[in-house]
Amino acid sequence: MKPDVVAMDVRMPLMDGIEATRAMLRTVTDPPRILVITTFEEDEYVYGALRAGADGFLLKRARPAEIVHAVRIVAEGESLLFPPALRSLAAAHGNESARRALERAALTEREGQVLQFVARGLMNAEIAAELHLGTEAVKTHVSAVLTKLGARDRVQAVITAYESGFVTAGADK
């Protein structure tokens, strides 16, 4: 039986969690979702793991209920996004290719709004409430954003949004 979610520590002996994440996603058919666990909020390794394809991030100091919640969110196919400190780190890694990718995506105004809410870490139901839409409509918009950006999942789309400057740290309220 294969796991639905793998909790991947960033710092491990023999192979770090970033390389293990890359290897798993590259070699495993129908890979599990990956939840990265680390000690430090501003850990450059976490950003690298998210870039490598991890689905979420959690601090080791999280309470047991938070851990259970995080695993459930990731298992359901949602992405557990990183806190503001790591959003700043993503923005600091901004690059021209992310800017071009976002320009090529030609997001509609609504898709741009949805991406901004996704970058704030809102779930589909929360986005639906904010935009006065049905949850299915939000799912359609999220899917269009992922397709247009060529992103594997919400985390990858958010990384592109921050790296391109489309979303900036501190402007997510």
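Everything below is about the structure printed above this text.
Note that residues are indexed from 1 along each chain, following the sequence as it is written. Whole-chain, interface and lining totals are the exception, using all residues; otherwise, since this is a predicted model, local features are given only for residues with pLDDT of at least 70 and side-chain atom pairs are given and counted only at 80 or more. The basis for every side-chain value is the complete set of non-hydrogen atoms in the structure, without hydrogens or water.

Student: Please give an account of the overall build of the chain that cites residues and values.
Tutor: Helix numbers and strand numbers start at the N terminus; a helix is a DSSP run of H or I with at least 4 residues, a strand a run of E with at least 2. The number of helices and strands found in the chain is nine helices and three strands. Moving toward the C terminus, one meets the helices and strands of the chain in the order β-α-β-α-β-α-α-α-α-α-α-α. Evaluated residue by residue, the chain yields a buried proportion of 47% over its 173 residues. Considering only intrachain contacts with a sequence separation of at least 6, the fraction spanning at least 24 residues in the chain is 65%. Residue exposure ignores everything except the shown protein chains as possible cover, and the areas themselves are Shrake-Rupley values with a 1.4 Å probe. Carbon and sulfur atoms make up 54% of the accessible area of the chain, which amounts to about 9000 Å² in all. Relative accessibility under 20% of the residue-type maximum defines a buried residue, over 50% an exposed one, and the middle range a partly exposed one, all with a 1.4 Å probe and only protein chains included. Note on definitions: a residue-residue contact is assigned when non-hydrogen atoms from the two residues lie within 4.5 Å.

Student: Residue-level account of the pairing of strand β3 (residues 56-59), with values.
Tutor: Because side chains alternate across β3, one face comprises the buried residues Gly-56 and Leu-58, and the other comprises Phe-57 and Leu-59, equally buried. Strands pair, by our definition, only if DSSP identifies at least two bridges between them. Taken together, the four bridges between strand β2 (residues 33-38) and β3 define a ladder with parallel strand orientation. Note that in β3 the partner of Val-36 across the bridge is Phe-57.

Student: Quick one: what's the story with the sheet that holds β2, residue by residue and with numbers?
Tutor: Reading across the sheet, the three strands line up as β1-β2-β3 and stay open at both edges, with parallel pairing between neighbours. Taken across any chain shown, the strands that pair with only one partner, and hence form the sheet edges, are β1 (5-9) and β3. If you compare each strand with its neighbour and ignore which way they point, the axes differ by 30° on average. Axis angles are defined between N-to-C directions and span 0 to 180 degrees, where every axis is a line fitted to C-alpha atoms and, for a helix, only to the segment in contact. Contacts between helix α1 (residues 17-27) and the sheet are confined to β1 and β2, with β1 contributing the most and set at about 150° to the helix. Sitting on the sheet, helix α3 (residues 64-75) is in contact with β1, β2 and β3, with an inclination near 150° to β2.

Student: Kindly report on the nonpolar core, identifying the contributing residues and their values.
Tutor: Among the buried residues, those of types Ala, Val, Leu, Ile, Met, Phe, Trp, Tyr and Cys that are joined through side-chain atoms within 4.5 Å form a nonpolar core. Counting 22 residues, the largest nonpolar core has Val-114, Leu-115, Val-118, Ile-127, Val-142, Leu-149 and Ala-157 as its most contacted members. Of all the secondary-structure elements, those providing two or more residues to this core are α5 (96-105), α6 (109-119), α7 (124-131), α8 (135-149) and α9 (154-164). Excluding residues within four positions of it along the chain, Val-142 makes contact with Val-114, Val-118, Asn-124 and Arg-154. Formed by 15 residues, the second largest nonpolar core is a distinct cluster that contains Val-10, Ile-18, Ala-52 and Ala-54.

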